[in-house]
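# Per-entry structural report
Next come the chains, spelled out residue by residue.
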Amino acid sequence: MHPDRLMTHSLRESAQGRALAQIMAAALQAVDPERAVRRYLRREGEQLVVGEQRYDLTRFRRVLVVGAGKAGAPMAHAAAEILGDRLSAGLVIVKEGYAAAAPEQATPIVLLEAGHPLPDARNVAAAQRLVELLATAQADDLVLALISGGGSALLTLPSPGLQLDDLRAVTDLLLRCGATINELNTVRKHLTRLSGGQLAALAAPATLVALILSDVVGSPLEVIASGPTVPDPSTFADAWAVLTRHGLTQHLPPAVRTYLQQGCAGQQPETPKPGETLFARVQNVIIASNALAAEAAAEAGHRLGFRPLLLTTYLEGEARVVGGVLAAIAREIVAADRPLARPALIIAGGETTVTVRGDGLGGRNQELALGAVHGLHGLPATTLVALATDGGDGPTDAAGAVVTGATAGRARLLGLDPAQFLQRNDAYHFFAALGDLLLPGPTNTNVNDLALLAIGMPTIG
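Below is a short write-up of the structure. (Residues numbered from 1 in each chain as written. Predicted model: local features only at pLDDT ≥ 70, side-chain atom pairs only at ≥ 80, totals over all residues. Heavy atoms only, no water.)

## Remarks on helix α11 (residues 254–264)
The following threshold applies: Categorising residues by exposure relies on relative accessible area from a 1.4 Å probe, with only protein chains included: less than 20% of the type maximum marks a residue as buried, more than 50% marks it as exposed, and the intermediate range marks it as partly exposed. The numbering of helices and of strands both runs from the N terminus, where a helix is a DSSP run of H or I of at least 4 residues and a strand a run of E of at least 2. Of all possible arcs, the one meant is that of the directions from the helix axis to the C-beta atoms. Contacts are assigned to residue pairs with any non-hydrogen atoms lying within 4.5 Å of each other.
Among all positions in α11, only Val 256, Tyr 259, Leu 260 and Gly 263 are buried. The buried side chains of α11 occupy one side of the element, clustering within an arc of 95 degrees when seen end-on. In the core, the buried residues of α11 are packed alongside α7 (164–176) and α10 (236–245). Downstream of α11 by one or two residues, Gly 266 has phi in the positive range, about 80 degrees.

## Describing helix α8 (residues 181–189)
Of all nine residues in α8, eight are buried, a share of seventy percent or more. Residues of α8 that are buried: Ile 181, Glu 183, Leu 184, Asn 185, Thr 186, Val 187, Arg 188 and Lys 189. Here the buried face of α8 lies against α6 (151–154), α7, α9 (198–203) and α10.

## Points about the sheet that holds strand β15 (residues 449–455)
What counts, and what does not: Two strands pair if DSSP finds at least two bridges between them. Interaxial angle, 0 to 180 degrees, is taken between N-to-C directions of lines fitted to C-alpha atoms, where a helix line uses only the stretch in contact.
Read across the sheet, six strands follow the order β10-β11-β15-β12-β13-β14 without closing on themselves; strand pairing throughout is mixed. In this open sheet, the two edge strands, each paired with only one partner strand, are β10 (307–315) and β14 (437–438). In this sheet, strand β13 (residues 400–404) lies alongside strand β12 (residues 382–388) in antiparallel orientation, the contact comprising five bridges. When the sheet's bridge partners are listed, Thr 383 is paired in β13 with Thr 404. Across the sheet, helix α13 (residues 319–336) is in contact with β10, β11 (344–350), β12 and β15; its angle to β15 comes to roughly 25 degrees. In this fold helix α14 (residues 364–376) packs onto β12, β13, β14 and β15, with an angle of close to 165 degrees to the strand it touches most, β12.

## Some thoughts on unusual backbone geometry
Here the amide bond leading from Ala 204 into Pro 205 is cis, since omega sits at 10 degrees, within 30 degrees of zero. Along the chain, the position of Pro 205 falls in the loop between α9 and β8 (207–213). The linkage connecting Arg 338 with the following residue, Pro 339, adopts the cis geometry, with an omega of 15 degrees. Checked against the element boundaries, Pro 339 lands in the loop between α13 and β11. Unlike most non-glycine residues, Asn 425 shows phi in positive territory, near 55 degrees. Relative to the elements of secondary structure, Asn 425 occurs in the loop between α16 (418–423) and α17 (427–434). Phi at Asn 448 takes a positive value of approximately 80 degrees, unusual for a residue other than glycine. Tracing the chain through its elements places Asn 448 in the loop between β14 and β15.

## Details of the pattern of salt bridges
Convention followed: Just to be clear on terms, a salt bridge is a Lys or Arg side-chain nitrogen sitting within 4 Å of an Asp or Glu carboxyl oxygen.
Evaluated as defined, the whole model comprises 24 salt bridges. Note that Lys 273 and Asp 232 form a salt bridge whose closest N and O atoms lie 3.8 Å from each other. Taken as a pair, Lys 273 in the loop between α11 and β9 (282–288) and Asp 232 in the loop between β8 and α10 lie far apart in primary sequence, 41 residues in all. The pair Lys 273 / Asp 232 is uniform in exposure class, with both members buried. With a shortest N-O distance of 3.1 Å, Lys 273 and Glu 270 are connected by a salt bridge. When salt bridges with common partners are traced through the structure, they connect Arg 43, Glu 46, Asp 85 and Arg 86 into a single cluster.

Any functional reading would require information beyond the geometric quantities listed.
In structure tokens form, the structure reads like this:
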């Protein structure tokens, strides 16, 4: 992605801001899905090499490609080129508007667009078609699964007795209460037919290889896209505990409450568990993650004259609170050149959450940025960027936002009170008025969020 697509009003105003745009572009380039697939998948004649394992293609009657996620289109393009004439058929589900990321050339892989983060009828229809393709898999077939962030919603196929509206209602409840992605996916696995190892069960007895682009803190395989190709250690009881912890059990659709209670009583089948024999013919490989993007940001920052510090790739917590913490770190650097001296670049990756109390518009990265406005006020040569690496932050067209030491003053001149916008969860309209929304459009990758905090001007760039 070209740095110009990542510019905002504040980034254009200084060498520091322009450098941050280059750093964001470098981070996104490092986790480009097509390149990631090519790093881990290659064909040597009739040998298919996946990571450190080799597969003799002459042993397989067919090679099928399935998948789901925001990075699905470029991943499918790379897989199709690598497999060449050995590719028999395929179906990959992507977010609405993301199919265009694949070049216009004929391949046996069908790309179907569907809704995200809330699933719609297209999700169910696409997931049903994927199930029908997997139903044809035999012991002498090889199934290549391409999994990336967003796959949980895109693979929505309700469990027996449940309807799409039931799943939409539960997803909305969990998103609005500030549930973590781990909690959300624990519930999803027990209400749908493809997550929590169930895709692997449907592919059996075929050999299954999954290439996975991680969008989850720490990259636990069972959480990424709700773990469709890996054993599920969670249970119906765990799903019910999540809903209880957030006070949601009385707000569930009746069919969902009944289904989960039946599951807890052993009256509904559990998801496939660790140790089950079906996973003996499954290989799961993580091909890109937030850590890779964060490391690339640090390297780019160093080249551009900053002293980089990769603080963490495990950033979690309430977004507005995290924004305040990052602002406090900035104040410490300005006051005492610690934990590192200027020009400093702090890099933090992960996924925060938002507890929605107002009726505004925004996403976790925009709210993180808004939460930092007060703390950064007046700090010289200080910029905070909060970026969703997939290009979509919450239900908006923005990928995040930018805050500087001048943001609060600029807002005051426009009659904007950051505290009031924060109270309404309305970060989008606050930053839109300032011209500081990040609006790159879909990046066609998804490895969680990045926060970049720059203090002091770089020596080059």
